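# Geometric and topological summary
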Amino acid sequence: MSLVDFIKGSYTEFKDKVEWPKWPELQSSTIVVTIGTVLLAIFTFGIDSLFSKSIANFLTLFINLFN
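The model shown is predicted, which means the values in this text are computed figures rather than measured ones. (Residues numbered from 1 in each chain as written. Predicted model: local features only at pLDDT ≥ 70, side-chain atom pairs only at ≥ 80, totals over all residues. Heavy atoms only, no water.)

Looking now at the packing of aromatic side chains. Counted by the stated rule, this structure contains 3 aromatic pairs. Aromatic pair phenylalanine 14 and tryptophan 20: ring centres 6.1 Å apart, planes at 20°, arrangement stacked. Summarising the aromatic geometry, the rings of phenylalanine 62 and phenylalanine 66 are spaced 5.2 Å apart at their centres and angled 75° between planes, so their arrangement reads as edge-to-face. On the accessibility criterion, phenylalanine 62 (42% relative accessible area) is partly exposed. Here the aromatic residues Phe58, Phe62 and Phe66 are joined through ring pairs into a cluster of three or more. (Phe/Tyr/Trp six-rings, centres within 6.5 Å; stacked < 30°, edge-to-face > 60°. Buried < 20%, exposed > 50% of the residue type's maximum accessible area, 1.4 Å probe, protein only.)

See the structure below:
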(Lines give C-alpha, C1' and ligand atoms only; values in the text may rest on other atoms or scores of the structure.)
Protein backbone atom coordinates (compact mmCIF):
# COMPACT_ATOMS: atom_id res chain seq x y z
CA MET A 1 0.00 0.00 0.00
CA SER A 2 1.49 3.30 -1.06
CA LEU A 3 1.28 6.56 0.79
CA VAL A 4 -0.99 8.03 -1.90
CA ASP A 5 -3.44 5.11 -1.56
CA PHE A 6 -3.41 5.56 2.21
CA ILE A 7 -4.18 9.28 1.94
CA LYS A 8 -6.97 8.66 -0.58
CA GLY A 9 -8.48 5.94 1.63
CA SER A 10 -8.24 8.16 4.70
CA TYR A 11 -9.93 11.03 2.88
CA THR A 12 -12.75 8.77 1.67
CA GLU A 13 -13.26 7.36 5.14
CA PHE A 14 -13.38 10.81 6.75
CA LYS A 15 -15.73 12.12 4.09
CA ASP A 16 -18.16 9.21 3.77
CA LYS A 17 -17.92 6.91 6.80
CA VAL A 18 -17.31 9.21 9.78
CA GLU A 19 -20.41 10.58 11.47
CA TRP A 20 -19.52 14.11 12.46
CA PRO A 21 -21.34 15.70 15.42
CA LYS A 22 -24.11 18.17 14.74
CA TRP A 23 -23.66 21.81 15.77
CA PRO A 24 -25.88 21.64 18.92
CA GLU A 25 -24.03 18.52 20.13
CA LEU A 26 -20.72 20.24 19.53
CA GLN A 27 -21.82 23.32 21.48
CA SER A 28 -23.05 21.32 24.47
CA SER A 29 -19.88 19.22 24.53
CA THR A 30 -17.77 22.37 24.41
CA ILE A 31 -19.69 23.85 27.34
CA VAL A 32 -19.25 20.66 29.40
CA VAL A 33 -15.51 20.54 28.68
CA THR A 34 -15.09 24.24 29.49
CA ILE A 35 -16.91 23.93 32.81
CA GLY A 36 -14.95 20.80 33.71
CA THR A 37 -11.66 22.50 32.86
CA VAL A 38 -12.49 25.58 34.95
CA LEU A 39 -13.53 23.43 37.94
CA LEU A 40 -10.37 21.35 37.68
CA ALA A 41 -8.25 24.51 37.49
CA ILE A 42 -9.94 25.97 40.59
CA PHE A 43 -9.47 22.68 42.48
CA THR A 44 -5.79 22.50 41.47
CA PHE A 45 -5.26 26.13 42.49
CA GLY A 46 -6.87 25.45 45.88
CA ILE A 47 -4.78 22.36 46.59
CA ASP A 48 -1.61 24.14 45.44
CA SER A 49 -2.36 27.12 47.69
CA LEU A 50 -3.07 24.82 50.64
CA PHE A 51 0.21 22.93 50.19
CA SER A 52 2.15 26.16 49.66
CA LYS A 53 0.83 27.72 52.87
CA SER A 54 1.33 24.47 54.80
CA ILE A 55 4.95 24.18 53.70
CA ALA A 56 5.60 27.86 54.44
CA ASN A 57 4.11 27.48 57.94
CA PHE A 58 6.11 24.30 58.56
CA LEU A 59 9.36 25.95 57.46
CA THR A 60 8.66 29.03 59.59
CA LEU A 61 8.00 26.84 62.61
CA PHE A 62 11.09 24.74 61.92
CA ILE A 63 13.32 27.84 61.51
CA ASN A 64 11.94 29.41 64.71
CA LEU A 65 12.79 26.29 66.69
CA PHE A 66 16.51 26.80 66.04
CA ASN A 67 16.61 30.58 66.55
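A separate point is the UniProt feature "transmembrane region" (unreviewed entry) in the chain. The feature "transmembrane region" (unreviewed entry), as annotated in UniProt, sits at residues 31-51 in this numbering. Secondary structure across residues 31-51 divides into 100% helix and 0% strand, with the first and last C-alpha atoms of the span separated by 30 Å. (UniProt positions renumbered as here; feature names shortened; annotations may be inferred. Helix = DSSP H or I, 4+ residues; strand = E, 2+ residues; numbered from the N terminus.)

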